[in-house]
Amino acid sequence: MSVAERPSWLPSTRLLRSELRLIAGRRRNQAGLAVLAVVPIVMAIAVKSSRPGGNDGGPDFVSSITSNGLFVPLAALGVEITMFLPLAMSMLSGDAIAGEANIGTLRYLLTVPVDRTRLLLVKYASLCIGAVWGVCAVAIPGAIVGVALFGTGRLTTLSGDQIPFGAAVWRLVLVMLYLSACLAALAAVGLFISTLTEQPIAGAIALMIFTIVSWIADSVSQLGWLHPWLVVHDWLGFGDLLRDPIAGTTVGHGLLVDLGYAVVFWSLAWARFSGKDITS
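What this report covers is the structure whose coordinates are included nearby.

Cut-offs applied
Residues numbered from 1 in each chain as written. Predicted model: local features only at pLDDT ≥ 70, side-chain atom pairs only at ≥ 80, totals over all residues. Heavy atoms only, no water. Axes fitted to C-alpha atoms, helices over the stretch in contact; angles between N-to-C directions. Helix = DSSP H or I, 4+ residues; strand = E, 2+ residues; numbered from the N terminus. Parallel < 35°, antiparallel > 145°, perpendicular 65-115°, else oblique. Left-handed = near helix turned anticlockwise from the far one by under 90°. Contact = heavy atoms within 4.5 Å. Nonpolar A, V, L, I, M, F, W, Y, C, P; charged D, E, K, R; others polar. Buried < 20%, exposed > 50% of the residue type's maximum accessible area, 1.4 Å probe, protein only. Polar contact = N/O pair within 3.5 Å; in protein donor to acceptor, adjacent residues only side chain to side chain. Expected span 1.5 Å × (residues − 1). Patch = residues over 30% accessible without salt bridge, like charges linked within 9 Å, V, L, I, M, F, W, Y side chains within 5 Å. Areas by Shrake-Rupley, 256 points an atom, 1.4 Å probe, with all protein chains shown as cover. Salt bridge = Lys/Arg side-chain N within 4 Å of Asp/Glu carboxyl O. Phe/Tyr/Trp six-rings, centres within 6.5 Å; stacked < 30°, edge-to-face > 60°. Lys, Arg positive; Asp, Glu negative; His and termini not counted. Charge placed at Lys NZ, Arg CZ, Asp CG, Glu CD.

### Remarks on the packing of helix α3 (residues 71–80) against helix α7 (residues 165–194)
Move 1: Remark: α3 packs on α7, axes separated minimally by 11 Å, with the N-to-C direction vectors making an angle of 15°. Taken together, the axes of α3 and α7 are roughly parallel relative to one another. Relative to α7, α3 is oriented so that their crossing is left-handed. Of the residues in α7, those touching α3 at Pro73, Leu74 and Leu77 are Leu172, Val175, Met176 and Leu179.
Move 2: In terms of residue class, the contact of α3 with α7 is made up of seven nonpolar, no polar and no charged.

Structure (structure tokens):
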């Protein structure tokens, strides 16, 4: 549909498409996706050649890999959501605003003119899409190599019941959507941090420190009162989506916390960015 044919109520996606092309075209982002995709492949090959010894933290999907190939992406997601996926999110969010300021394009971008609120919305939308890309980079190669090495069939849930392969694929999709929402909440924190600096590496490091401190705080029993409000607290609760019937309490609470982080930190980013003096 051309610009002339687009209805007046339909917003233009040109800026978002341009941002996504920029993200997808960066070599470091491509390399990051490749690293994310390699982990489930290595895990599957390692399990195929030797018996698994278990998994530290989260649902024990590793020991179940040999029974159904779909446990490969689930196990890989359980491993990568603690460090690798947040690291990828840190790299993307660090570039969001600080990267533009660092290379001197932010000021020119705003003179197009592009409304600052719209720009911030586009930046956050691209980070959310980047979160989906990251999760897919883990889950899709993992599912392909898992099915190739261990086959399909009925999947045994964490409740002990068995569900057909089609239903198991749907459960994997739900896990992917849930973890994408978790990373999108973290991206809002990163977007806010990115408005505070003109150095993208500083923004990335700050978000990783935030994530690591959150994991540490979540493991300290004396801070139990704080645990439900930590962004990482319910990330490993995606295992509840593999029960029959689905246990939605943990996932529901996690999504509410994610929404809270997204709203609060995007609002903080807007408050900072809308009044920021752009010098570069």
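### Thoughts on the side chain of Ser126
Move 1: Structurally, Ser126 can be placed in helix α6 (residues 116–150).
Move 2: A relative accessible area of 1% means that Ser126 is categorised as buried.
Move 3: Here Lys123 takes part through its backbone oxygen, which lies 2.6 Å from a polar atom of the side chain of Ser126.

### Digging into helix α2 (residues 27–49)
Move 1: Taking 1.5 Å per residue, 23 residues should reach 33 Å; α2 reaches 33 Å between its end C-alpha atoms and fits that length.
Move 2: Taken together, the buried positions of α2 are Asn29, Leu36, Ala37, Val39, Pro40, Met43, Ala44 and Val47.

### Examining a nonpolar patch on the surface
Move 1: Residues Met83, Phe84, Ile212 and Ile216 make up a contiguous nonpolar surface patch of about 340 Å² in total accessible area.
Move 2: Examined against the element boundaries, Met83 turns out to sit in the loop between α3 and α4 (84–103).
Move 3: Met83 gets classed as partly exposed once you look at its relative accessible area, which sits at 35%.

### What to know about the packing of aromatic side chains
For any pair of aromatic rings, geometry is given as the distance between the ring centres together with the angle between the planes.
Move 1: Applying the stated rule across the entire model yields three aromatic pairs.
Move 2: Residues Phe192 and Phe265 carry aromatic rings whose centres are separated by 6.1 Å and whose planes lie at 55° to one another, so their mutual orientation is tilted. Of the two residues, Phe192 sits in helix α7 while Phe265 sits in helix α9 (residues 249–274), which places them 73 residues apart along the sequence.
Move 3: Consider the rings of Tyr261 and Phe265, whose centres lie 5.8 Å apart with planes at 15°: the pair is stacked. Here the residue Tyr261 and the residue Phe265 both occupy positions in helix α9, the gap between them amounting to four residues, near one helical turn. A single burial state applies to Tyr261 and to Phe265, both of which are buried.
Move 4: Through successive ring pairs, a cluster of aromatic residues spans Phe192, Tyr261 and Phe265.

### Regarding unusual backbone geometry
Move 1: In this structure, the amide linkage connecting Asp244 to the following residue, Pro245, adopts the cis form with an omega of 0°.
Move 2: Tracing the backbone through its elements, the reader meets Pro245 in the loop between α8 (200–219) and α9.

### Observations concerning a positive patch on the surface
Move 1: Among the surface-exposed residues, Arg14, Arg17, Arg21 and Arg118 lie close enough to one another that they form a single positively charged patch.
Move 2: Of the residues forming the positive patch, the biggest block, three residues, is contributed by helix α1 (residues 14–25).
Move 3: With respect to the helices and strands, the residue Arg21 is situated in helix α1.

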